[in-house]
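Chain by chain, the residues run as shown.
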Amino acid sequence: MLQSFMAMIIVTVLWVFIGFGLSFGPSIGGLIGDPPDPYLLFQGVGTNTAWSLAPTIPFMLFALFQAKFAIITPALITGAFAERIRFWAYLLFMVLFIVFVYAPLCHMTWHPEGLFFKMGVLDFAGGTVVHMSAGWAALAGAMFLGKRNGQKSNPARITYVLLGTGLLWFGWFGFNSGSALGANGIAVQALGTTTVAAAAAGMAWVFFDKILGHKVSAMGALYWDCSWSRGYYSCCWICKYS
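Everything numeric in this text was worked out from a predicted model, so none of it was measured.

Basis of the calculations
Residues numbered from 1 in each chain as written. Predicted model: local features only at pLDDT ≥ 70, side-chain atom pairs only at ≥ 80, totals over all residues. Heavy atoms only, no water. Core = buried A, V, L, I, M, F, W, Y, C linked by side-chain atoms within 4.5 Å. Buried < 20%, exposed > 50% of the residue type's maximum accessible area, 1.4 Å probe, protein only. Helix = DSSP H or I, 4+ residues; strand = E, 2+ residues; numbered from the N terminus. Contact = heavy atoms within 4.5 Å. Phe/Tyr/Trp six-rings, centres within 6.5 Å; stacked < 30°, edge-to-face > 60°. Axes fitted to C-alpha atoms, helices over the stretch in contact; angles between N-to-C directions. Left-handed = near helix turned anticlockwise from the far one by under 90°. Nonpolar A, V, L, I, M, F, W, Y, C, P; charged D, E, K, R; others polar. Salt bridge = Lys/Arg side-chain N within 4 Å of Asp/Glu carboxyl O. Expected span 1.5 Å × (residues − 1). Parallel < 35°, antiparallel > 145°, perpendicular 65-115°, else oblique. Polar contact = N/O pair within 3.5 Å; in protein donor to acceptor, adjacent residues only side chain to side chain.

A. Fine view of the nonpolar core. Core analysis: the largest hydrophobic core is formed by 40 residues, its most contacted members being Trp15, Phe20, Phe24 and Tyr102. Those elements that provide at least two residues to this core are helix H1 (2–24), helix H2 (59–81), helix H3 (87–110), helix H5 (127–145) and helix H6 (158–178). Per-element accounting of this core gives the leading share, twelve residues, to H2. Once you skip the residues sitting within four places of it in the chain, Trp15 turns out to touch Phe20, Ser23, Phe24, Phe42, Ala63, Gln66, Ala67, Ala70 and Tyr102.

B. Looking closely at the packing of aromatic side chains. By the definition in use, this model includes 20 aromatic pairs. A centroid spacing of 6.2 Å and a plane angle of 15 degrees characterise the contact between Trp51 and Phe59, whose relative ring orientation is stacked. Overall, the relative accessible area of 4% leaves Phe59 in the buried class. Put simply, the rings of Trp15, Phe20, Phe24, Tyr39, Phe42, Trp51, Phe59, Phe62 and Tyr102 touch in pairs and so form one group of aromatic residues.

C. Representation of the side chain of Ser179 in the model. By the element assignment, Ser179 lies in the loop between H6 and helix H7 (185–211). Setting aside anything within four residues of it in sequence, one finds Ser179 in contact with Phe65, Phe69, Phe124, Ala125 and Gly174.

D. Seen up close, the packing of H3 against H5. In the contact formed by H3 and H5, the axes pass within 10 Å of each other and the chain directions differ by 145 degrees. Both H3 and H5 take part in a crossing whose hand is right-handed. Between H3, through Phe97, Tyr102, Leu105, Cys106, Thr109 and Trp110, and H5, the contact on the second element is made entirely by Thr128, Val129, Val130, Ser133 and Ala137. Classifying every residue of the contact of H3 with H5 gives eight nonpolar, three polar and no charged.

E. Structural context of the pattern of salt bridges. On inspection of all chains with the given rule, the structure shows one salt bridge. With a shortest N-O distance of 3.0 Å, Lys118 and Glu113 are connected by a salt bridge. Judged by its relative accessible area of 58%, Lys118 is exposed.

F. Here's a closer look at H2. With 23 residues, H2 extends 34 Å between its outermost C-alpha atoms, agreeing within 8% with the 33 Å of an ideal straight helix rising 1.5 Å per residue. A positive phi of about 65 degrees marks Glu83, the residue just after H2.

G. Molecular detail of unusual backbone geometry. Not every positive phi belongs to a glycine, and Leu41 is a case in point at roughly 55 degrees. Mapped onto the fold, Leu41 is located in the loop between strand E2 (32–33) and H2.

H. Molecular detail of the packing of H2 against H6. Orientation of H2 relative to H6, taken along the N-to-C sense of each, is 125 degrees, at an axis distance of 11 Å. When the axis of H2 is compared with that of H6, the two are oblique. Between H2 and H6 lies a crossing of left-handed hand. Contacts between H2 and H6 involve Phe65, Lys68, Phe69 and Ile72 from the first element and Gly174, Phe175 and Gly178 from the second. Residues belonging to the contact of H2 with H6 are distributed by class as follows: four nonpolar, two polar and one charged.

I. Broad picture of the environment of Tyr90. On the secondary structure map, Tyr90 appears in helix H3. Under the relative-accessibility criterion, Tyr90 is labelled buried at 0%. Distance in space between the C-alpha atoms of Tyr90 and Thr78 is 8.5 Å, their sequence separation being twelve residues. Excluding anything up to four places from it in sequence, Tyr90 contacts Gln3, Ala7, Pro74, Ala75, Thr78, Phe81 and Ile85. A distance of 3.3 Å separates the side chain of Tyr90 from the backbone oxygen of Gln3, its partner in a polar contact.

Next comes the structure, spelled out in C-alpha cells:
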C-alpha cells in the first residue's frame, strides 16, 4: 500500500518536472517528446491553453489527467514486486520505468506525431500504454526476481480486495469516460461499457464457480470482475499468480 502511495508522490513530481514533456512535448522522431521545450516544470501548461486533440479542455486539466495514468502504471506492477524487491529499489525502478518505458510508449501511442499513433494504433484508455506495459513488466520482474521472500499463506486480505475492487470499478468511470476528453456520446458509451462489462464478468464467474461444483468465492468474482471489465485479462492474471 505504501508503494502505491509513493507512486502518487514520486510520479506526480516527476511528471511535472520532466514526464509530461517526454510524453507530450514536441516529437523527436515520433519516439519521445522534447522535455525542455516547452513543458519543463509545466512551463506553458496553463488553464487558458489546450492540447491539440482536446481543444475544449484546459491544458493543465489534460496534463493532470494524464498524470493519473502515469501514476497507476507502476502501481499496477507492485503486486508482482511484493516480497520480492527492496523498497528503495522499487523507487528507483519507478523513476527509470517512467522515463525509459512509460514516457516513450505514451508518446508513440497518444501523441499525434507518435510512431504508433501514425500507424493507426488505437488506445482509448490505456490498454497499450498502461496495462500492456505494466503486465509485461510484472511478468519480467517476477521471472527475474524469483520466488517471494514472505510467507506462503493467503497473499491477500479479502476485505481489502473488496474495498480495492469497489474503488477500482468506480475509478474506471473517470479513467474510461474521461478518455473521451469531453461530455459526449463516447464518454457515455465508455461509462455504460465499464458498468455492464464488470457486472457481467463478476456474475459469470460466480455462476461458473457454482457449475464446476466449487464454493462461491469472493476472490474469484473480484479478480475476474477486475480483469474482464476492461478486457485486460493478462495483466490481472499475471499479478494474481506470479
